[in-house]
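Chain by chain, the residues run as shown.
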Amino acid sequence: MDFFWAFVVGGAICVIGQLLLDIFKLTPAHVMSSFVVAGAVLDGFELYDKLIEFAGAGATVPITSFGHSLLHGAMVQAEDHGFLGIAVGIFQLTSAGIASAILFGFIVALIFKPRG
């Protein structure tokens, strides 16, 4: 059943994204930003951790999890280190993803000819 619920929740997130693209004519950048903000808002109300417990990878793989990680890390470190902990916490949980995106983007730019 774990795989089933992961598929259903992850698929529902994808369906919402596709509806935002098709019906509301949002750009992919707007959808991605909206999902990051939605993940942060859900984490602010302590709902995203419950969704992760229920759906597992169905909730941790989509981009909404990035927003959850940003806010979650910032809040934990803010409690321990105050205002400076906000910046530390944001990068502590998400640094691997950010560094990977930069590294792989650089490698792809070296291999392929970028447009523009």
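Bear in mind that the values here come from a model prediction, so they are computed numbers and not experimental data. (Residues numbered from 1 in each chain as written. Predicted model: local features only at pLDDT ≥ 70, side-chain atom pairs only at ≥ 80, totals over all residues. Heavy atoms only, no water.)

Caption draft 1: The arrangement of the overall build of the chain in detail. Within the chain, the regular secondary structure consists of 6 helices and 0 strands. Overall, the C-alpha framework of the chain stretches about 45 × 35 × 30 Å when taken along its three principal axes. Taking all 116 residues of the chain together, the buried fraction comes to 23%. In the chain, of all internal contacts separated by at least 6 residues, the share reaching a separation of at least 24 is 46%. Only carbon and sulfur atoms are counted for the fraction: they give 75% of the accessible area of the chain, which is about 8,300 Å². Looking at charge distribution, the chain has the averaged site of its 4 positive side-chain charges lying 26 Å from that of its 8 negative ones. (Helix = DSSP H or I, 4+ residues; strand = E, 2+ residues; numbered from the N terminus. Buried < 20%, exposed > 50% of the residue type's maximum accessible area, 1.4 Å probe, protein only. Contact = heavy atoms within 4.5 Å. Areas by Shrake-Rupley, 256 points an atom, 1.4 Å probe, with all protein chains shown as cover. Lys, Arg positive; Asp, Glu negative; His and termini not counted. Charge placed at Lys NZ, Arg CZ, Asp CG, Glu CD.)

Caption draft 2: Structural view of a nonpolar patch on the surface. A surface patch of nonpolar side chains, about 850 Å² in accessible area, is lined by L103, F104, F106, I107, V108, L110, I111 and F112. Here L103 lies in helix α6 (residues 83-111). Residue classification places L103 among the partly exposed positions, given a relative accessible area of 46%. (Patch = residues over 30% accessible without salt bridge, like charges linked within 9 Å, V, L, I, M, F, W, Y side chains within 5 Å. Salt bridge = Lys/Arg side-chain N within 4 Å of Asp/Glu carboxyl O.)

Caption draft 3: Structural detail: unusual backbone geometry. Despite not being glycine, K25 shows a phi value in the positive range, around 55°. Tracing the backbone shows K25 in the loop between α1 (2-22) and α2 (28-44). Positive phi is not limited to glycine here, since E46 has a value of about 60°. Following the sequence through the fold, E46 ends up in the loop between α2 and α3 (48-55).

Caption draft 4: Highlighting the nonpolar core. In this structure, V9, I13, L20, V31, F35, Y48, A55 and A59 together form the largest nonpolar core, which totals 8 residues. The element contributing the most residues to this core is α1, with 3 residues. Apart from residues no more than four positions distant in its own chain, A55 is found in contact with W5, A6 and V9. (Core = buried A, V, L, I, M, F, W, Y, C linked by side-chain atoms within 4.5 Å.)

Caption draft 5: Representation of the packing of aromatic side chains within the structure. Taken as a whole, this structure holds 2 aromatic pairs when the rule is applied. Between F4 and W5 the ring centres are 5.0 Å apart and the planes differ by 75°, which places this aromatic pair in the edge-to-face class. Classification of F4 by relative accessible area gives partly exposed; the value is 45%. Among the residues examined, W5 registers a relative accessible area of 31% and is labelled partly exposed. For the pair W5 and F54, a centre-to-centre distance of 5.1 Å together with 45° between the ring planes defines the contact as tilted. Placement of W5 in helix α1 and of F54 in helix α3 is noted, with a sequence separation of 49 residues between them. The exposure class of F54 is partly exposed, given its relative accessible area of 43%. Three or more aromatic residues joined by ring pairs make a cluster, and in this case those are F4, W5 and F54. (Phe/Tyr/Trp six-rings, centres within 6.5 Å; stacked < 30°, edge-to-face > 60°.)

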